[in-house]
Amino acid sequence: MAKDVSKKLFEAFLSVLPIAIIVVIIFSLQYSNFMPSGTISLDTLLTFLISLIALVFGMALFSLGSDVAMSKVGKYIGASITKRKSLSLIIIISFILGVMITIAEPDLTVLGDLLSSFLNPWILKIVIGIGVGIFLVIGLLRIIFQKNLKLWIIFLYGIVFALACLFEGKAGDTIISLSFDSGGVTTGPVTVPFLLTFGAGVAAVRGGKNSSNDSFGVMGLCSIGPLISSMLLFLILSNFYDFSMIKNTISAENSIFHVLKLTSLEVLIAIVPILSFFLIYELIFIRIPGIELVKIMLGFIYTYVGLTVFLTSAKVGLIPVGFALGENLANPIHNDGFNYLLIILAILIGIAVVLVEPGVHILNEQVEEISGGAISKRKMLISMSVGVALAIVLAVIKELYGPFNITYYFVPLYIIALGLTFTVPDIYSAIAFDSGGVASGTMSSCFVLPFIIGIANSKNSGSGFGVIGLIALMPLICVQTLGLESIIKQKALYRMAKRRVKEANDAQIIHF
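Quantities reported herein were computed from a predicted structural model and do not represent experimental measurements.

**So, the overall build of the chain**
Argument step 1. Each helix and strand in the chain was counted, giving 19 helices and 0 strands.
Argument step 2. Per-residue burial for the chain yields a buried fraction of 58% across its 512 residues.
Argument step 3. Across the chain, the fraction of contacts at a sequence separation of at least 24, relative to all contacts at a separation of at least 6, is 85%.

**Examining a positive patch on the surface**
Argument step 1. A contiguous patch of positive charge, built from Lys491, Arg495, Arg499 and Arg500, is present on the exposed surface.
Argument step 2. Structurally, the position occupied by arginine 500 is in helix α19 (residues 467–511).

**So, the packing of aromatic side chains**
Argument step 1. Within this structure, the stated rule accounts for 10 aromatic pairs.
Argument step 2. Their ring planes at 35° and their centres at 5.9 Å tell us that phenylalanine 180 and tyrosine 414 sit as a pair that is tilted. Pair noted here: phenylalanine 180 is in helix α7 (residues 169–185) and tyrosine 414 is in helix α16 (residues 407–420), with a separation of 234 residues, a long-range link.
Argument step 3. With relative accessibility at 2%, the residue phenylalanine 180 sits in the buried group.
Argument step 4. Under the relative-accessibility criterion, tyrosine 414 is labelled buried at 3%.
Argument step 5. Judged by centre distance (6.4 Å) and plane angle (20°), the ring pair of phenylalanine 277 and tyrosine 281 falls under stacked. With a gap of 4 residues between them, phenylalanine 277 and tyrosine 281 both fall in helix α11 (residues 256–286), about one helical turn apart. The same class applies to phenylalanine 277 as to tyrosine 281, namely buried.
Argument step 6. Taken together through their ring pairs, the aromatic side chains of Tyr157, Phe161, Phe180, Phe410 and Tyr414 make up a single cluster.
Argument step 7. Lying across the ring of tryptophan 122, lysine 125 places its NZ or CZ 4.5 Å from the centre.

**Focus: helix α13 (residues 339–356)**
Three or four residues apart is the spacing at which side chains of an α-helix point the same way, because the helix has 3.6 residues per turn.
Argument step 1. Look at α13: 25 Å from first C-alpha to last across 18 residues, which is about the 26 Å you get at 1.5 Å a residue.
Argument step 2. Looking at α13, one finds that the buried residues are Asn339, Leu341, Leu342, Leu345, Ala346, Ile349, Gly350, Ala352, Val353, Val354 and Val356.

**Points about helix α12 (residues 290–329)**
Argument step 1. The end-to-end C-alpha distance of α12 is 56 Å, a good match for the 58 Å that 40 residues give at a rise of 1.5 Å each.
Argument step 2. Along α12, the sharpest change in direction is near 35° and occurs at alanine 314.
Argument step 3. Counting buried positions along α12 yields 28 of 40 residues, so the element is predominantly enclosed.

**Let's talk about the pattern of salt bridges**
Argument step 1. Taken as a whole, this structure holds 3 salt bridges when the rule is applied.
Argument step 2. Lysine 398 is the salt-bridge partner of aspartate 173, the closest N and O atoms lying 3.3 Å from each other. Of this pair, aspartate 173 sits in helix α7 while lysine 398 is found in helix α15 (residues 377–401), placing the two residues 225 residues apart along the sequence. In this pair, the class of aspartate 173 matches that of lysine 398, namely buried.
Argument step 3. Residue glutamate 399 is joined to lysine 398 by a salt bridge in which the shortest nitrogen-to-oxygen separation is 3.9 Å.

**Here's the deal with the environment of asparagine 364**
Argument step 1. Relative to the assigned elements, asparagine 364 resides in helix α14 (residues 358–370).
Argument step 2. Among the residues examined, asparagine 364 registers a relative accessible area of 3% and is labelled buried.
Argument step 3. Spatially, the C-alpha atoms of asparagine 364 and leucine 381 are 7.5 Å apart, while their sequence positions differ by 17 residues.
Argument step 4. Once residues within four sequence positions are removed from consideration, asparagine 364 is found in contact with Lys377, Met380, Leu381 and Met384.

**Looking at the side chain of threonine 102**
Argument step 1. Positionally, threonine 102 belongs in helix α3 (residues 87–103).
Argument step 2. Beyond its immediate chain neighbours, meaning those up to four positions away, threonine 102 contacts Leu108, Ile128, Gly129, Val132, Thr186 and Thr191.

**Comments concerning empty space enclosed by the protein**
Argument step 1. Inspection of the entire model under this criterion finds 2 cavities of 30 Å³ or more.
Argument step 2. As a volume, the largest cavity reaches approximately 120 Å³.
Argument step 3. If you go around the largest cavity, you meet 16 residues; those closest to its centre are Tyr157, Gly183, Ser223, Tyr414 and Ala472.
Argument step 4. The biggest single contributor to the lining of the largest cavity is helix α10 (residues 218–237), with 4 residues.
Argument step 5. Grouping the amino acids of the lining of the largest cavity by side-chain chemistry returns 8 nonpolar, 8 polar and no charged.
Argument step 6. Residue lining of the second largest cavity: Ala395, Lys398, Glu399, Ile406, Ile452, Gly464, Phe465, Gly466, Val467 and Leu470, and that is the complete set.
Argument step 7. Tallying contributions element by element places α15 first for the lining of the second largest cavity, with 3 residues.

**Some points on the nonpolar core**
Argument step 1. Among the nonpolar cores identified, the biggest contains 158 residues, and Ile77 and Tyr157 are the most heavily contacted of them.
Argument step 2. Once residues within four sequence positions are removed from consideration, isoleucine 77 is found in contact with Ile93, Leu97, Phe198, Phe277, Phe278, Tyr281 and Ile286.

**Let's talk about the environment of isoleucine 134**
Argument step 1. The topology assignment puts isoleucine 134 in helix α5 (residues 121–144).
Argument step 2. By relative accessible area, isoleucine 134 is classed as partly exposed at 40%.
Argument step 3. Between the C-alpha atom of isoleucine 134 and that of phenylalanine 95, which follows or precedes it by 39 residues, the distance is 5.9 Å.

**Here's the deal with the confidence of the model for the chain**
Do not read the predicted coordinates in detail wherever pLDDT is low.
Argument step 1. Of all residues in the chain, 86% attain a pLDDT of 70 or more, and the chain-wide mean is 80.
Argument step 2. No element of the chain has a lower mean pLDDT than helix α9 (residues 211–214), at 56, and none a higher one than α16, at 89.

**Structural notes on the packing of α13 against helix α18 (residues 442–459)**
Argument step 1. Where α13 meets α18, the axes come as close as 10 Å, and the angle between the chain directions of the two elements is 165°. Taken together, α13 and α18 sit at an angle that is classed as roughly antiparallel. For the pair α13 and α18, the sense of crossing is left-handed. Together, Asn339, Leu342, Leu345, Ile349, Val353 and Val356 of α13 and Met443, Ser444, Phe447, Val448, Phe451, Ile455 and Lys459 of α18 make up the contact between the two elements.

Analysis parameters
- Residues numbered from 1 in each chain as written.
- Predicted model: local features only at pLDDT ≥ 70, side-chain atom pairs only at ≥ 80, totals over all residues.
- Heavy atoms only, no water.
- Helix = DSSP H or I, 4+ residues; strand = E, 2+ residues; numbered from the N terminus.
- Buried < 20%, exposed > 50% of the residue type's maximum accessible area, 1.4 Å probe, protein only.
- Contact = heavy atoms within 4.5 Å.
- Patch = residues over 30% accessible without salt bridge, like charges linked within 9 Å, V, L, I, M, F, W, Y side chains within 5 Å.
- Areas by Shrake-Rupley, 256 points an atom, 1.4 Å probe, with all protein chains shown as cover.
- Salt bridge = Lys/Arg side-chain N within 4 Å of Asp/Glu carboxyl O.
- Lys, Arg positive; Asp, Glu negative; His and termini not counted.
- Charge placed at Lys NZ, Arg CZ, Asp CG, Glu CD.
- Phe/Tyr/Trp six-rings, centres within 6.5 Å; stacked < 30°, edge-to-face > 60°.
- Lys NZ or Arg CZ within 6 Å of the ring centre and 35° of its normal.
- Expected span 1.5 Å × (residues − 1).
- Bend = angle between axes of the 7 residues up to and from the residue.
- 1 Å grid on protein atoms, 1.4 Å probe; cavity = no way out; pocket = protein on both sides within 12 Å on 5 of 7 lines; lining within 4 Å.
- Points joined across faces, edges and corners; volume = space filled by probe spheres on them.
- Nonpolar A, V, L, I, M, F, W, Y, C, P; charged D, E, K, R; others polar.
- Core = buried A, V, L, I, M, F, W, Y, C linked by side-chain atoms within 4.5 Å.
- pLDDT = per-residue confidence, 0-100.
- Axes fitted to C-alpha atoms, helices over the stretch in contact; angles between N-to-C directions.
- Parallel < 35°, antiparallel > 145°, perpendicular 65-115°, else oblique.
- Left-handed = near helix turned anticlockwise from the far one by under 90°.

Below is the structure:
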């Protein structure tokens, strides 16, 4: 156990190091003409660095708890409901779990808090939870009946963009941005390990030649549900509220103990329903050996403590720094002289966010394991880093040089992403849609979104929403390019082998 903790601590330290380096360098450059003074105050920097230390411990404990508890719970329940071969049981259990886990998702809480000035966060949570619950059922039924993931995704995104056509103007831009962000935040630190192993458990029990491919894709489908449900909600609310008036100002929290108290309660609400449901289900259907059950309970404790420390550190240290960077560097008083810095910073933050996101590492390990090493963690990390960096750059450009409707991004990029599904192996498409979900996790909500909101506030260009939706989108394209690369390599190897066989035959003919 001590060895596992040490390994997780080292991995967490390496993950947060890039963000720490970026912020420290920016603080240092304030004392030169290269960076405007006052971008990051000394107090903010010290709070940020202390928060990062706590974040390392939180991330390590959460990662350990995820391995011991959340992943196993998803796998046990997924395998159990499939073995029972009761379609009604699968539908009921999947829907309840989807709603329960989503309502408990801390990333959704962050988004809900930003919209609390006009919408009760619980309304947003329940509506989005229902969307995830319905689409979790669809995802599992697709695996059980072995339906083509590509056709489902194309059909469902067709519905999404048909609904998007109902919105227009600046208010419509905000609604579409919020809807895509809603799809992104549902795949956070609580849902990622659960949904990944839940789908894998169902696919493993069902078996068949496509079980490996079908292990992925559930999370990608569950990201579509909130798009549709939130659009329907915002369509109703647009009759009573002007979405173009949304504007957020983020300030640093004064008391870390106050934040810790609220966050510990949020995480408790997140963990207890899942634990309670698992214990009841386990008692009725599974009956896990006592030692294994104790380990899972201990894993839930690790998850609770780790996630509490992680989110508290993010709220106290990451959110204020992200907002300060965006707002101060984009300030019109600088005569747009630092716009290029924001672009460079967006690239660096994109790479750092992928490295620090716990869900990314969980997915990459599962991808390497299920693919037998054919798709390495290193390749996945590089492709996702490129995708997230490009997404943040696009969001920065929109706020700096806009305003323009965000559908100018989403429509062509989704056409490319969906088009690639017809040219790459199925497993790459399924992994790609899951990758988009895990990339748009806690760090996107707690650091990147405040960064873009800060830019939007300075430029008065809009609400700043939409970046999480872009982060969920770009890995779809970048990860599927790995599939294109594998096809090109296979064809090259085939041509090489064919040429060598021909050369060998020719040499044999000449010899005779």
